[in-house]
Each structure stands twice: as C-alpha cells, then as structure tokens.
Amino acid sequence: MSIAYGPVRRAKDWDALLGDPDDPDVLFSYPRCLRLDDTEAFPDDICAHLDELGLPAYYVPVAHGGLLGNFDDAATMVRLIARRDLTVAIAHFKTFLGAAPVWVAGTTTQADDLAATVLAGHPIALGLTERGIGSDLLATRTVAEPGDEPGSLTITGEKWLINNGRRATVVTTLVRTSPNAGPRALSLLLVDRRLAGSGGMTGTAKIPTHGIRGADISGVRYAGAGVGPAGVVGGIGRGVDTLLRALQVTRIATTPLSLGAADQALRLGYDFCADRELYGGRLVDLPVVRRSLGRAAAALFVAEAAVLLGCRAINALPEELSVVAAVVKAFVPSVVDDLIHDVGELLGARAFLLDVLHGGRFQKVERDHRIVGIFDGSTAVNQNYLAGQFSRLGRRYRQRRLNRDGVAVAADLARPLPPLELHRLDVLSPNGCSVVQALPDLLADPVIVRTVPAALLAVLGDAVTELHDELAGWRVTGGALPAIAFDLARRYELCFASASCLLLWRYNYEHVTTELWHEAEWLLCALTLLAEWLGAEPDGAADDLFIRLGGRRPEPGWGPPMSIFPATLADLR
Amino acid sequence: MNRTEPERLDALRVALGDPAEADNPVGNAAALAVDERGEAFVAGERLLDAFGFPAEFVPAHLGGRLTRLDHMIHIARTVGRRDLALAFGYSGSTFIASTNVWTAGSPAQQRAVADLVLGGGRVAAGYHELAHGNDVARAELSARRAGDTLVLDGRKEVISNLARADLLVLYARTGTPLGPRSHSLLLVDLTAATGDTALRLLPRFRSAGMRSVQLGGIEFDGYRLPAGHVLGRFGDGVLTATRAFQVTRTALPAIACAGLDGALREAMSLATSRHLGRGVIADLPQVRRLLVDAFVDLLVCDAFTTVGARALHLLPQQTTIVSSAIKYLVPHLLLRAVRSLSTLLGSTFYVRNGRHGMFQKHLRDLAPAGFGHMAPKASLAMLVPQMQQLVRRGWSTPEPADPLLFRLSHDLPDLRYHQLAMSSNGRDALGGTLLAESDAILAAAAGDAELRRVIGAHLADFAALRRTVADLPAGRNGPLPASSYDLADRYSRLLAASACIGVWRGSDGRSFLGSPQWLTAALSRLTVQYRPGRDVDQRTASLWPELHSRHVAMRTFDLAEHAA
Ligand SMILES: Cc1cc2nc3c(=O)[nH]c(=O)nc-3n(C[C@H](O)[C@H](O)[C@H](O)COP(=O)(O)OP(=O)(O)OC[C@H]3O[C@@H](n4cnc5c(N)ncnc54)[C@H](O)[C@@H]3O)c2cc1C
Ligand SMILES: Cc1cc2nc3c(=O)[nH]c(=O)nc-3n(C[C@H](O)[C@H](O)[C@H](O)COP(=O)(O)OP(=O)(O)OC[C@H]3O[C@@H](n4cnc5c(N)ncnc54)[C@H](O)[C@@H]3O)c2cc1C
C-alpha cells in the first residue's frame, strides 16, 4: 500500500514551472528577489506570472469554481512560493485572506462574484487595522453610513498598514455601522475600487518596513466610498463574528509561510556548514555545529507536523478550529523565528553581510519572516484567545472527549479529506481539541510505547497531565489575563505539537520508509526537542540523535522542500 | 580641564540633546536617515570630535582620560543608547586596535599612537579574513622578511573604518610553521601608503545593521613595510591579541548593553502610550512581564560586564576566563531580550519610520555584538580547557575575590595591560567567591526564602558542574564534544550569577540593587532551564514600579542609573 500524497507531487510540478531559483535569468529567482528587496520594489512581474500559472485558483473554494478543496494543497503552494521569497508569497497570498470572510459567511452570489474577481487575477486586501489601533478591532473608527441608494452605505475613514492597500481591487473592510460599543456595531464590507466612485477610495503612501520591503504595505483612505447591499458580508453587525471564523482559516493557512522561510534558512545553514572550512576541517565536522543543525531541522519537523495537522483539521475537524488556529498561529511563527535565529548563529557574519553569501539572502529571510508572527493575529493575541477557552479545554480533556474519526482523518495522509465546509466553523469549540485530547491514548499506544523511550513518554505524559490539571482549575478572575496564562498557552501549544508528531507518525509509519522514518528518527528528535521546551532537563544522550540529523544535508542545489515526507511518490512506497 | 566622569557624562548627554526632537542633527530622525542611506553619521561624529571621545580610551598616563574601564563604558553607553552604530563606527576600531598597542607596544609606539588618537586620528584593526573567520590562527595575509623590510601579501576583509583610517594594526602571518608564534602584529601607516600601487582598498561591505559603519577591506600585493613596524615582539601576534582582546571582549559587550537600554526605552514608551480598550497596553500583565524581563536581563548583563571590567583592573591575570564568558553570555542575553521586546512592539517594530522607528535599528545594530569579535561558540570553546585546569586548582581551593571587585563606586588601580595573561592558570576569583563564601551568601539571603532557594540551585549546579568537569577525559584529540559547550555555558551563567550576587552584597542594603527582588529575578533567569513558574506575575509586580519610575524620570535602566 502506498500513500498518494498529492500535494508533494503538485509542488514538484510547480517548482519545475517556476524554474531554478538560483538562476538570475529566471523570473522568480533569488537574485531578482534580493534586488527587488534592495530597491523596495513590488514584485509585479512575478505576481503576474503566478497569476498566469493559475495560482489564484488555489484561493477559491471548489464550490465556487476554484481548486481549493483542502488546505494540504493550498498550504503546499504557499510553502513552495515562500521558500523562494516571502515578499512574493505574502503579497500574492494576501488575496486569500481578503476573500476568506466571503467564503465563510458570504452569500452564494457574493462568493461566485468574488471568485470571478480572484480568478481574473485581481488582488483582494483585508482592511482591519487603523492608525494607532492594532489588534483592538472594537476601537474601529472607520464608519459606514446609509448612502443615497436604499441599502447602500458610504464609508469614511482610513485603514492603515494594509497589505496591498494601493494595489487591491477589492478591500474587505471592517467598518463601524453603529455608534454603540461592542462587537455588534461592526460590519464587514466588500469595497470595490471599480465601484467605489472616483476619489471615494484611495491608496495611501507606502510604509517602509523592516522586512518584505518590496511589498505594498500602505493604507486605504475612504472619502465617501460607496458600497451597495451586495457588498455587506454576513449581514450588518456581523463583522466581528464573521472575522473570528474567517481568521480561523487564514491563521492556519498563513503558517506554511513559516515552513517556507525555515526551509530557506535551514538549507543555507546546511550548505554553509558543509562548505565552510575552519580549523583545518569543515564546520559541519564540529559535533556542536552538527547538533545545532540537527536541532534546527527537528524544529522544522515540529513546525511542519503542527502545520499539517492544522491544515488538515480545517476539513477534518472544522468545529475545533477556534482552538487549532490559535495554537498553530501562536506556535509555528515563533518556533521558526527562533529556528532562523539559531541558524543565523551558525552563519556568523554571513547572516549579516549583504554581499558575501548568496547575496545576503539569509538576512532577508530573517527580516521577512518576522512579519508572520505579527500579522493576522500576533502570538500574544492568539494566546489570549486560547486562554479564553482554558477551562473548557481542561474539562474536555478530563472527559476524554474525542472526535476519533476526525483525528484519524486529519492524521492519516492516505485517507481522503471530507469536503471543505467553511460554514461549519464555530467561534468556540464545543469539543475542546481532539488532537490534544488524543494524547493519553497516543502515549499508551503499544506501537508508540515500543518505539519511543519510556523516559521521554513519561516526560510528555507528566507535562500533559500537569498542564490539564492547571487548565481544569483555571478560573477567569475578570480583568486582564495574568502573565502565567501565556505560559500555559505556550505549554498547550507544545502539547498540540507533540500530539501532531505522534499522530502523523502513528498513522503513516507503515507506509513511509525513508531514512527519516527509519527507527522513528524524526519523531524522536522532534519529541526530544518538545520535551526540552516543556521544561525537561536536556538529555545528553539525545545529542547523538541531533548530531545524526545534522549530518543529513539536503541535496545541494534546488531540491524538494525540507520535510518529514519524501518528495516523490516512489519514495512513499 | 580634567572633568570628572559625571561631568563628562552630563556634558555628552546635553550635547546629544533630545533624541525625539525632529530637527536635532544627532537625534533619532537623523540617525535613521543615515542608517537608511548607509552613510557615516557625520553630525554625530563631529559632536564626538568636539567632546574628545577618543581620549576616553587612551590611558591617562599617555594623556588620555582612561583611568577606569567602567567609566569609559558609561561614556560610550551614553552614545550607544542613542545609536550603537555611531558609537562603534566612530571609534570601535580605534579602541580595538589601540588596546593592542597599550598591551604590547614599545613606549615610543604607545606615545605615537596616543598622539594620533588624541589628535583625532583613526586606527583600523585588521584581523579578519573572510576565508578564516574565527580561525585567526590560520589567517593567511603574510609578511615576509626581505632585508630590512617586510613584504606584505594578502587581504583583510570586513574591517571597520579601513578606508578612512590613518593607521592599520595588521595581523599577519610571519612565520612557518603554523603555531602560537606564527603571526605578528604590524603597524601600517596608511597616510604614507596613499598612491602606492602595492596596496589596494576593497569595495565597501554592506550589512543589514550598523549600516553607518564603514566596513572595508584591503589587499596587499608585495607592499613593503619597514621591518621596524612590528608591534611588540615579532611572532607575538597571537599572544598580544589574546591578551588585549580580554579588554575589548569585555568592554564591547558592556557597551552593547546600551542597545538594550535604548530598545527598552522605546518599548516602555510604546507600552505606556498605546491604547487598548480603556487603558494602555502596559496595563496588561503579560506586557509588563516582557518589559520587566528585559530590564532584569539588562541588569544581569551590566552586573557581569561591570564586574568583568573591574576585574581587568583588579585581577588582570585571570580575565581570560571572565572575558570569554562575557563575550558569550552577554550578547546572547541582550539579543534575546531585544527580540522578545520586538514581539511586544508588534507592528510598531516592523515599521521603519514613525515614532518608534529606532527600535528596529537597535535590533539590527545589536546583531554583531553576537558574532563579531569571536563567535559565541568559539568563546565557549575557550573556556573548556580552562575549566579542566580549574577543577584541579581554583575550584578545589577556591579563593574569594577582593570585595572591591563588587563595590562599584570604589576607585580602581590603573589598568596594567602588561599583566594580562594567556591563561588564567587555574585561578578564578569570581567563581571562587561563590564557592568560598557560599555560607556568607546564604546567610545574607536569610530573610528571603525564594532568594535562598535560587542561590542554592546555582550552588548545587556549581557542585554538579565540578564533578562533571572532573570526569572529562584529559587531553583528548579531535573536536570538542557538543556537551562540553553546554558545560561552558553553565559555567558562564555561574560567573554571571556570582557577579550579580557580588553587586547585591556590595551595595547599600537600602538601595534598589541591595534589594532581594532584582537578584531573585536575575538568578532565576540565569538558570539553564529557566521555566517561568506560578510566581511570574508576583515577580513582575515587584519590579515594575522601579522600571516604570526610571522610565518616567528618564533614568537609564542599567546599574548606574544615570540621567538618560
Ligand atoms: C507588514 C504588515 C502588514 C500588515 N497587513 C495588514 C493587513 O493587510 N490588514 C490589516 O488589517 N492589518 C495588517 N497589518 C496589521 C497587523 O495585523 C497588526 O499588526 C495586528 O493587528 C496587531 O497589531 P499590533 O501589532 O499593532 O499590536 P497592538 O494591538 O497595538 O498591540 C501591541 C502589543 O501589545 C500586546 N498585546 C496586544 N493585545 C494583547 C493581549 N490581548 N494580551 C497580551 N498582549 C497583547 C502585544 O505584544 C502586541 O504586539 C499589517 C501589519 C504589518 C506590520
Ligand atoms: C560591523 C562589523 C565590524 C567589524 N569590524 C572588524 C574590524 O574592525 N576588524 C576585524 O578584523 N574584523 C571586523 N569584523 C569582522 C568580524 O570580526 C568577523 O565577522 C568575526 O570574526 C566573525 O567571523 P565569521 O562570521 O566569518 O565567522 P566564522 O569563523 O566563519 O564562523 C562561523 C560560525 O562557525 C561557528 N564557529 C566558529 N568557531 C567555532 C568554534 N570554535 N566552535 C564551535 N563553533 C564555531 C560559529 O557558529 C560561527 O558563527 C567586523 C564585522 C562586522 C559585522
């Protein structure tokens, strides 16, 4: 039996279409992206090329004529673009973020219309943030008032720090439709530049940013822009509710950006250490260097497992996304920020100089990736959101509540995912989080017990139990969350990641026989790292595991993505 | 003429003016503008010329103002809090290069270099070659004797201020075979060399941070240097650098603390002004916690580097250890703290202009504190053989340090550069204090159970470390095992802990530094596997008032608490 893991194969096809990224004559190449970054120029022609190749179809659900049937595929595409360049990936993929509220809460007509716009290659932006207001959406000042036509609205105000603010054809905009306080005062509108009336909607100046310097980060000023009844998404007063559900999907869907960034950084690290001569040998011959590489690779695998489970959960466990999305979006970008930082330490001056190693590509990916942990809900905001569900998560864990089949479908790559049902998303998860709640079973699973050293399983088991005891006793005291809540959220994320690794291994180990799966090598590395992050004493014996992994340099040159899964179908047998 | 340290600090601060003032020629807007363009910060440099900044690191007996390294550090931090790249770009290379001259130069060489520096001249420090990086023992640029000249061939790269230096202290291979005596330091007069075709400047190296620093390179092709231009003795290059760099590897991380100080001020300023709901984000316990953690990390870094700087005056034969541990640990903590603050700033961090645009500059400018002037891992590697000596000597019969090491306001004897040594020879009074005075330390902490617990944890770790090091096989071949680096990491943390405890004991019990709160937090964060416990909120609450009042009163966040 074999797993027909489609996404990987599709990625190969796309990579072939896009060409060798090291070749400066290739349109979407590293050298060109570095130049665009240097001059802070938007990657117009690359985005146009991606449009021609049909990438926007992955942002449109199958039901509306696109190719988005599950997020395995979409995630793979995002990851693939991101491992070439994050500016391009973020600029292009933004359309999905802008459109998602319509897929989640729009009418069929709205969705079909927007689908046509997206498929024609028009960028869609998402306008939530305003000057001086970050994540505090309830402070929204942009207002929409009844216009001249019945049912129409006229918008005044400004959105600021908006990706594609100047370029977008449609800006999905959060506006105040009532002077009252509270979430019901806000609505989401599709503001179409083609219909907004001349001068009613203008892009504002490009904002210089630390990373993704070429992207169009700007703003949108509304001076009487008009929106007809067809532009109201999910109903008047439903803006926050719609967003909370749409963000569940987009937050998960942005995390593959981190995998692409990690891929770039880690590959640069492996290549540099293998080639660098120092102390009469190669840098990679130093065990401590090899260990650092191995730990970074293990971190990538941990992140990948969490992303994969997260993405598949969109189809397999849609009711639980309020937890899954918060966990994955808080966890993955911060793990990868650290991973990149650690690889940077291996590169030394070459992580800092612009012209010495691959045109300074490393410092670019380091700067670029920092945005992933900030936008679309920062780490703190997601942890805050997760903390709001602590006591339920504690209770559900104790009750052993589990959507067993949903978990199995999410974890077993050979099983087809159920169709995408974005209207099933819920603001709170009644079941808690089946992935985490599967941990007691996983830790006692005979195959896992045979494979993973008992001491490691005990550390994980204790951490899970201890955490859930705290969650079950969690009382909302009113007022701001104490700092300890953020530590508990982090530990919850670590439990989710541990469960993701165990699940992926348990459901697929019989079918994948590559080196990394032999004697569960990747799993043991990943779990060891997770146990350490959960506070276990570092295990000296684990050094050998990491050192071995650090010796597994990916094929030099342009190979398949760094992944626990092999690249070709043949390898999957 | 000879102003005191506080007078100089004040004068410099006043001259630098209000950083937020838009038309201040040395304010934030100006600093960001030169950073964007990658140009030298001319207005800032003029100001430092007028202040006579280079005199701060010329020893007093040579006509400069350097009597205490900790004072020099304070002055440099006054600039670095505003713009680390200005502080480093203006004179970092002169400081590094001239320290080698004070360490090994003949009286005449010292006189000449002191006059040059005091007269506003620049010196470049030419050690680094891209091909060899940290492995300076294999640096290739060669100087071959030919009669009464030395013939130079090869290149140096990524050298600060090379294109505008008057003098180059050049590290060159002068002997075969490769070994401890195969390199020498040479003095190359670059003003005399202009027009000589046997020497060529390389194009500027661009960088992601410190963009106003002019990084250059040089290539020699049969350049002839009079044989007398050897700094110190022929063949002493490794020796001199190893000794002199104890000063610079302590002082540069100490100065880099200013970067965190500046970044923390930006973070405080954002946190206390950015609205969220009915309040500001600084009302959120988690935000306070990140701010307080950064504050504590800064105190730790300052305690360690200040004690290290004082050790150079008081214990110059022992500073190979302390300086390596500082060079490893301090940048690690500084970078971690600034990165953590960056998550707090969120989108404000990511925007390069605007009211807090300096933050991202502080973050980028701090990076070379880590890899520059010896990689963190190379610093750890230096500690491993020393620990093996210590097991047999300093740790088995520990000697405590002179209490003056920790009494920060006390004057210090002159820095005796000639006493700087190649090895600490199994002596370590900083670590030794922790061992020799453990009872007294625990007694001093008697009133605070949590403090006693965390001190006890460090003492236990020291005991365990000694046992582990004692069991290491002696004189092994091949590269160090990875686990040895972990031991050196633990040792560095213990030394930092000892410095913190010393500063606490050496201070007036009524002052903030004499309070158990900061020390408990500092020691907790220094443990290897620091895991925040249930008490994070309580601890944050105990330190927040101090941090907040310093911010409001515009005082620095380091030990000295100067006017900012
Ligand atoms: C390059 C870029 C592109 C962007 N693109 C878009 C876009 O296309 N559309 C759009 O609408 N917005 C966009 N944004 C804005 C982005 O989504 C905001 O950064 C986000 O809303 C969070 O705001 P903030 O980072 O300013 O944080 P703020 O909300 O101002 O908070 C500041 C800090 O306070 C802390 N904090 C806040 N709330 C809490 C809490 N509840 N608990 C604990 N700590 C908390 C966090 O540390 C946070 O970083 C973009 C931003 C950037 C930099
Ligand atoms: C702003 C700036 C100013 C500078 N100014 C000067 C100057 O004035 N003069 C000058 O001479 N140089 C200068 N340099 C150069 C600087 O000193 C070098 O960049 C530095 O020595 C590091 O070399 P490298 O990064 O090439 O490291 P490499 O030696 O290539 O090391 C790469 C990595 O290998 C690992 N590594 C190295 N050694 C070990 C070890 N023993 N054990 C384990 N791992 C190890 C580390 O992870 C390290 O980061 C400057 C650099 C910058 C950025």
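In this text, all values refer to a predicted model and were calculated from it rather than measured experimentally. (Residues numbered from 1 in each chain as written. Chains lettered and ligands numbered in written order. Predicted model: local features only at pLDDT ≥ 70, side-chain atom pairs only at ≥ 80, totals over all residues. Heavy atoms only, no water.)

Peer 1: Describe the overall build of chain B, with residues and values.
Peer 2: Assigned secondary structure in chain B consists of 19 helices and 10 strands. The C-alpha radius of gyration computed for chain B amounts to 23 Å, which stays within 12% of the reference 24 Å derived for 564 residues, consistent with globular compactness. In terms of its C-alpha atoms, chain B occupies a principal-axis envelope of roughly 75 × 60 × 45 Å. Expressed as a percentage of the 564 residues in chain B, the buried residues total 61%. Nonlocal contacts in chain B, meaning residues at least 24 apart in sequence, comprise 77% of its contacts between residues at least 6 apart. (Helix = DSSP H or I, 4+ residues; strand = E, 2+ residues; numbered from the N terminus. Rg over C-alpha atoms; globule rule 2.2 N^0.38 Å. Buried < 20%, exposed > 50% of the residue type's maximum accessible area, 1.4 Å probe, protein only. Contact = heavy atoms within 4.5 Å.)

Peer 1: Got a sec to walk through the interface of chain A and chain B? Specific residues and values, please.
Peer 2: Listed as interface residues are 60 residues of chain A and, on the opposing side, 55 residues of chain B. Both faces considered, chain A and chain B share a buried interface measuring about 4800 Å² in area, 57% of it formed by carbon and sulfur atoms. Between the two partners, chain A and chain B, sit 8 salt bridges. Linking A:Arg291 and B:Asp486 is a salt bridge whose minimum nitrogen-to-oxygen distance equals 2.8 Å. For the pair chain A and chain B, the number of links is 25 residue pairs in polar contact (both at pLDDT 80 or more). Residue composition of the side of chain A that touches chain B, grouped by class: 27 nonpolar, 11 polar and 22 charged. (Buried area = accessible area lost by both parts, 1.4 Å probe. Salt bridge = Lys/Arg side-chain N within 4 Å of Asp/Glu carboxyl O. Polar contact = N/O pair within 3.5 Å; in protein donor to acceptor, adjacent residues only side chain to side chain. Nonpolar A, V, L, I, M, F, W, Y, C, P; charged D, E, K, R; others polar.)

Peer 1: How would you sum up the site of ligand 2? Please name residues and give values.
Peer 2: In the neighbourhood of ligand 2, 29 residues make up the surrounding shell, with A:Tyr279, A:Glu345, A:Ala349, B:Ala125 and B:Asn134 lying closest. Among the chains of the assembly, those with residues near ligand 2 are chains A and B. Separating an oxygen atom of ligand 2 from a side-chain N or O atom of A:Arg350 is a distance of 3.2 Å. The backbone of B:Val158 places a nitrogen or oxygen atom 3.0 Å from a nitrogen atom of ligand 2. About the coverage of ligand 2: the protein hides 94% of its 980 Å² of free accessible area. Sorting the residues of the shell around ligand 2 by element identifies helix 8 (287-316) and helix 9 (321-347) of chain A together with strand 3 (149-160) and helix 13 (376-392) of chain B as the ones contributing at least two each. No other element matches the 3 residues that strand 3 of chain B contributes to the shell around ligand 2. (Near = heavy atom within 4 Å. Areas by Shrake-Rupley, 256 points an atom, 1.4 Å probe, with all protein chains shown as cover.)

Peer 1: Mind laying out the environment of A:Lys364, listing which residues take part and the relevant values?
Peer 2: All names here are of chain A. For Lys364, the location among the structural elements is in helix 10 (residues 361-369). Judged by its relative accessible area of 4%, Lys364 falls in the buried class. Separated by 277 residues in the primary sequence, Lys364 and Thr87 have C-alpha atoms spaced 9.7 Å apart. Once residues within four sequence positions are removed from consideration, Lys364 is found in contact with Cys33, Leu34, Asp37, Asp85 and Thr87. Here the side chain of Lys364 touches Asp85 through a polar contact of 2.8 Å, side chain to side chain.

Peer 1: Now, about the confidence of the model for chain A: what can you tell me, with residues and values included?
Peer 2: On average, residues of chain A score 93 in pLDDT, and 97% of them are at 70 or above. Between residues 568-573 of chain A, whose pLDDT stays under 50, and residues either more than four places distant or in other chains, the model counts 17 contacts. (pLDDT = per-residue confidence, 0-100.)

Peer 1: Report on the confidence of the model for chain B, specifying residues and quantitative values.
Peer 2: Averaged over chain B, the pLDDT score is 96; the fraction of residues at 70 or greater is 100%. Reported confidence for the predicted complex is 0.97 by ipTM and 0.97 by pTM.

Peer 1: Requested: an account of the nonpolar core, with residues and values cited.
Peer 2: Among the nonpolar cores identified, the biggest contains 358 residues, and A:Phe96, A:Trp522, B:Leu291 and B:Trp518 are the most heavily contacted of them. Among residues more than four places away in sequence, those in contact with B:Leu291 are B:Leu264, B:Ala267, B:Met268, B:Ala271, B:Leu341, B:Leu344, B:Trp544 and B:Leu547. B:Leu152, B:Leu170, B:Val188 and B:Ala193 belong to the second-largest nonpolar core, a separate cluster that totals 22 residues. (Core = buried A, V, L, I, M, F, W, Y, C linked by side-chain atoms within 4.5 Å.)

Peer 1: Explain the site of ligand 1 residue by residue, including any values.
Peer 2: Close contacts around ligand 1 come from 27 residues, with A:Leu126, A:Thr129, A:Ser135, B:Arg274 and B:Ser347 the closest. Ligand 1 sits at the junction of chains A and B, each of which supplies nearby residues. In this structure, a nitrogen atom belonging to ligand 1 sits 2.7 Å away from a main-chain N or O atom of A:Leu126. Between ligand 1 and A:Leu128, the relevant distance is 2.8 Å, taken from an oxygen atom to a main-chain nitrogen or oxygen of the residue. Coverage of ligand 1 by the protein amounts to 94% of the 950 Å² it exposes when considered alone. Taken together, the elements giving at least two residues each to the shell around ligand 1 come down to strand 1 (124-127), strand 3 (153-163) and helix 11 (379-387) of chain A together with helix 10 (319-345) and helix 11 (347-350) of chain B. Examining the composition of the shell around ligand 1, we find that 3 residues originate from one element, strand 3 of chain A, more than from any other. Looking at the shell around ligand 1 residue by residue, the classes come out as 15 nonpolar, 9 polar and 3 charged.

Peer 1: Any chance you could break down helix 10 of chain A for me, citing the residues and the numbers?
Peer 2: Extensive coverage of helix 10 of chain A is indicated by the burial of 8 of its 9 residues. On its buried face, helix 10 of chain A is in contact with helix 2 (30-38), helix 5 (86-105), helix 7 (239-275) and helix 9 of chain A together with helix 11 of chain B.

Peer 1: Any details on the side chain of B:Arg249? Residues and values, ideally.
Peer 2: All names here are of chain B. Its place among the elements puts Arg249 in helix 8 (residues 237-271). In this structure Arg249 is buried but unpaired, with Asp135 as the nearest side chain of opposite charge at 11 Å. Here the side chain of Arg249 touches His373 through a polar contact of 3.1 Å, landing on its backbone oxygen. Excluding residues that lie within four positions of it along the chain, Arg249 makes contacts with Ser323, Ile326, Lys327, His373 and Met374. (Lys, Arg positive; Asp, Glu negative; His and termini not counted.)

Peer 1: Can you explain the pairing of strand 5 (residues 186-192) of chain A? Please cite residues and give values.
Peer 2: All names here are of chain A. Of all 7 residues making up strand 5, 7 are buried, and the element is well covered by its neighbours. Side chains of strand 5 alternate between two faces, with Leu186, Leu188, Leu190 and Asp192 and Ser187, Leu189 and Val191 buried alike. Direction of pairing for strand 4 (residues 170-176) relative to strand 5: antiparallel, over a ladder of 7 bridges. Pairing of Val175 across the sheet is with Ser187, part of strand 5. The pairing of strand 5 with strand 8 (residues 232-233) spans 2 bridges and is classified as antiparallel. Bridged to Leu188 within strand 8 is Val233. (Pairing = 2+ DSSP bridges.)

Peer 1: Tell me about the pattern of salt bridges, residues and numbers included.
Peer 2: Inspection of every chain in the model, using the stated rule, returns 79 salt bridges over all chains. Ionic pairing is found between A:Asp241 and A:Arg238, a salt bridge with its closest N-O pair at 2.9 Å. With relative accessibility at 29%, the residue A:Arg238 sits in the partly exposed group. A salt bridge links B:Asp297 to B:Arg525, with the shortest nitrogen-to-oxygen separation between them at 2.8 Å. Of this pair, B:Asp297 sits in helix 9 (residues 285-314) while B:Arg525 sits in helix 18 (residues 516-526), and the two are 228 residues apart along the sequence.

Peer 1: Got a sec to walk through the layout of surface pockets? Specific residues and values, please.
Peer 2: Residue and element names in this part refer to chain B. Taken as a whole, the second largest pocket encloses approximately 620 Å³ of empty space. As for the second largest pocket, its lining consists of 27 residues, and the residues nearest its centre are Pro19, Ala20, Asn28, Arg265 and Glu266. Going through the elements one at a time, helix 1 (5-16), helix 2 (28-37), helix 8 and helix 12 (358-371) are the ones with two or more residues in the lining of the second largest pocket. Top contributing element to the lining of the second largest pocket by residue count: helix 8, with 5 residues. Class assignment for the residues of the lining of the second largest pocket results in 10 nonpolar, 9 polar and 8 charged. (1 Å grid on protein atoms, 1.4 Å probe; cavity = no way out; pocket = protein on both sides within 12 Å on 5 of 7 lines; lining within 4 Å. Points joined across faces, edges and corners; volume = space filled by probe spheres on them.)

Peer 1: For unusual backbone geometry, give the residues involved together with the corresponding values.
Peer 2: A cis amide bond, omega -10 degrees, links B:Thr176 with the succeeding residue B:Pro177. Inspection of the secondary structure assignment puts B:Pro177 in the loop between strand 4 (167-173) and strand 5 (183-189). In this structure, A:Tyr279 takes a positive phi of about 55 degrees despite not being glycine. The topology assignment puts A:Tyr279 in the loop between strand 9 (277-278) and strand 10 (281-282). For A:Arg400, which is not glycine, the phi dihedral falls at a positive 55 degrees. Position of A:Arg400 among the secondary structure elements: in the loop between helix 12 (390-398) and helix 13 (404-411).

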